[in-house]
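Observations on chain architecture
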Amino acid sequence: MKRALILSVTALVAVAGCGGSSNSSSSSATTPSTTSAASGGGGGGGSQLALAADPSQLKFDKSTLSAKAGKVTITMTNPSPLQHDVSIKGGVSAQGNIVGQGGKSVVTVTLKPGKYTFYCSVDSHEAAGMTGELDVS
Ligand SMILES: [Cu+2]
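What you are looking at is a predicted structure, and each value in this text was computed from that prediction instead of being measured.

**Some details on the sheet that holds strand E2 (residues 64–67)**
If you walk across this open sheet you meet the 5 strands as E2-E8-E7-E4-E5, and the pairing is mixed. The open sheet has two free edges, formed respectively by E2 and strand E5 (93–95), since each of these has just one partner strand. Neighbour-to-neighbour, the strand axes of this sheet turn through a mean angle of 25°, independent of strand direction. Across 3 bridges, the pairing between strand E4 (residues 87–89) and strand E7 (residues 114–119) is antiparallel. Of the residues in E7, the one forming a bridge with lysine 89 is threonine 117.

In structure tokens form, the structure reads like this:
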């Protein structure tokens, strides 16, 4: 009785293992969603800034960003297993969505010329170094 059970479980695992190997090969088709990055010189879009979280430390891949006055959008990709967002402060206050690994946090603000701070608002990430300067001219 016990032996028969073990045998049938082994058979199931063997079948699942067989079918699974061909299924998992299709996971490489992650489409890079290039949203409106290709629009050259059209008005109204404002500044589009790209940022990424460091995969293993509490920091961003850039410590300074610059943009033109008006509508400014920062899109931060998060390759890290920790949750992060991108937020802006310094006369304005706006927070992006908090995202986990593989996600994108987006924050959009309308800014006058000046210096602003971009940072991660999750826990004490800003104090640990997830911050930088945004120069708007
Ligand atoms: Cu963070």
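**Considerations on the pattern of salt bridges**
Following the criterion strictly, the structure yields 3 salt bridges and no others. In this structure, lysine 89 and glutamate 126 form a salt bridge, with 2.8 Å as the shortest nitrogen-oxygen distance. Of this pair, lysine 89 sits in strand E4 while glutamate 126 sits in helix H2 (residues 125–128); the two residues are 37 residues apart in sequence, bridging distant segments of the chain. Aspartate 135 serves as the salt-bridge partner of lysine 115, at 3.2 Å between the closest nitrogen and oxygen. On the criterion of sequence distance, the pair formed by lysine 115 in strand E7 and aspartate 135 in strand E8 (residues 131–136) is long-range, its members being 20 residues apart. For aspartate 135, a relative accessible area of 23% corresponds to the partly exposed category. Through salt bridges that share partners, Lys115, Glu133 and Asp135 make up one connected network.

**Quick notes on the side chain of serine 47**
You can see serine 47 is positioned in strand E1 (residues 47–52). Assessed through its relative accessible area of 15%, serine 47 is described here as buried. Excluding residues that lie within four positions of it along the chain, serine 47 makes contacts with Ala67, Lys68, Lys71, Val72 and Thr73.

What counts as what
- Residues numbered from 1 in each chain as written.
- Predicted model: local features only at pLDDT ≥ 70, side-chain atom pairs only at ≥ 80, totals over all residues.
- Heavy atoms only, no water.
- Pairing = 2+ DSSP bridges.
- Helix = DSSP H or I, 4+ residues; strand = E, 2+ residues; numbered from the N terminus.
- Axes fitted to C-alpha atoms, helices over the stretch in contact; angles between N-to-C directions.
- Salt bridge = Lys/Arg side-chain N within 4 Å of Asp/Glu carboxyl O.
- Buried < 20%, exposed > 50% of the residue type's maximum accessible area, 1.4 Å probe, protein only.
- Contact = heavy atoms within 4.5 Å.

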